[in-house]
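Given next are the chains, with one letter for each unit.
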Amino acid sequence: MAFMPPDLANLPSLLRQRGLTVGTPLTVLEETTSTNDEAKRAAKNGATHGATWMSERQTAGRGRQGRQWVSPPGENILLSMLARVACPPRRLPLLSLVVGLAARDAVARSAPQADVRVKWPNDVVIDGRKVCGILVEAQFAASQVEALILGVGMNVHTRAFPDEIRELATSVALHAPEPPSRATLVVDLFEALERDLPLVAARGLAPVHARLEAVDALRGKRVRSDQDVAGIAEGIDDEGRLMVRRDDGVLERFVAGEVHLLR
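In this text the structure is predicted, and so the values were computed from the model without any measurement. (Residues numbered from 1 in each chain as written. Predicted model: local features only at pLDDT ≥ 70, side-chain atom pairs only at ≥ 80, totals over all residues. Heavy atoms only, no water.)

### Here we look at the pattern of salt bridges
Point 1. For the structure on display, the rule yields 25 salt bridges.
Point 2. One salt bridge in this structure joins Arg253 and Asp237, with 2.9 Å as the shortest N-O distance. Highlighted residues: Arg253 in strand E11 (residues 251-254) and Asp237 in the loop between strand E9 (230-236) and strand E10 (242-246), separated in sequence by 16 residues.
Point 3. Assessed through its relative accessible area of 39%, Arg253 is described here as partly exposed.
Point 4. A residue is classified by how much of its surface remains accessible, and Asp237, at 7% relative accessible area, is buried.
Point 5. Shared partners join several salt bridges into a network, and the residues in it are Arg104, Asp105, Arg195, Asp196 and Arg211. (Salt bridge = Lys/Arg side-chain N within 4 Å of Asp/Glu carboxyl O. Helix = DSSP H or I, 4+ residues; strand = E, 2+ residues; numbered from the N terminus. Buried < 20%, exposed > 50% of the residue type's maximum accessible area, 1.4 Å probe, protein only.)

Now the structure itself:
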């Protein structure tokens, strides 16, 4: 019998009820190195658009820049979805923002009173604390994007975090009026992805730019980049670049990298 945690048992039926094509076929694992690894292997073997892998535990889960992603078994959402969308390589940075926006909207539906925002380039935060991380990886063929692996790690039920991240992390449960449902969060995430991902891959950020601006966690805040550039964040442009007005008045645009809030 295939493995299926009790609280995810209704996930396939919820996907069908919403009429979604992404999230199918769905593979749920007790343990793996990382769900992105599972999706990348399957992509090379011809897996179809929307195929998804979830796991209760990852032994080598990772975020951006190779950072480890640690999650207690069974508490959170660890998934990767395979997307086969026509996308020029220059639009890859935009897709992390689209996945982040979809995850933000899913969290906000479960925690409607919380201030849920997207933190450029690939995090979702509540009151400045990370609730979800995004890792988008691409496979190429002849310089074209052949497949995208959309990795999502979302803190759902965790209420106690290790000392080293206690002030940096949060979970949906800590802000929701009632215990959140992992299945509902996944379906809400996939519904937004099915709507927005093909649009942005084909047309750029314009179709979702206003929505993204409204939930930008950095806009108007003083920040410092990992290139030691400090200034006031002025939003995200149509190319998905973070705009920072330096202290000398020059406007910098960042394509990638890390940005930290300055208190």
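### Brief notes about the sheet that holds strand E5 (residues 123-126)
Point 1. The strand order E1-E2-E3-E7-E6-E5-E4 describes an open sheet built from 7 strands, whose pairing is mixed. With partners counted over all chains shown, the strands left at the sheet margins are strand E1 (26-29) and strand E4 (116-119), one partner each. Recorded for the sheet is a direction-independent mean angle of 20° between the axes of neighbouring strands.
Point 2. Of the pairings in the sheet, the one linking strand E6 (residues 129-141) to strand E7 (residues 144-154) comprises 10 bridges and is antiparallel in character. Note on E7: the bridge partner recorded for Ala138 is Leu148. (Pairing = 2+ DSSP bridges. Axes fitted to C-alpha atoms, helices over the stretch in contact; angles between N-to-C directions.)

### Comments concerning the side chain of Gln139
Point 1. Along the chain, Gln139 turns up in strand E6.
Point 2. Not counting the four nearest positions on each side in its chain, Gln139 is found in contact with Lys40, Ala43, Lys44, Gln144, Val145, Glu146 and Ala147. (Contact = heavy atoms within 4.5 Å.)

### A closer look at the pairing of E6
Point 1. Bridge count between E5 and E6: 4 bridges; the pairing is antiparallel. Bridge assignment links Val124 to a residue of E6, and that residue is Cys132.
Point 2. The hairpin formed by E5 and E6 contains 2 residues between the paired strands, and Asp127 there has a positive phi angle of roughly 50°.
Point 3. The antiparallel pairing of E6 with E7 creates a hairpin that spans 2 residues between the two strands, and Ala142 there sits at a positive phi of about 55°.

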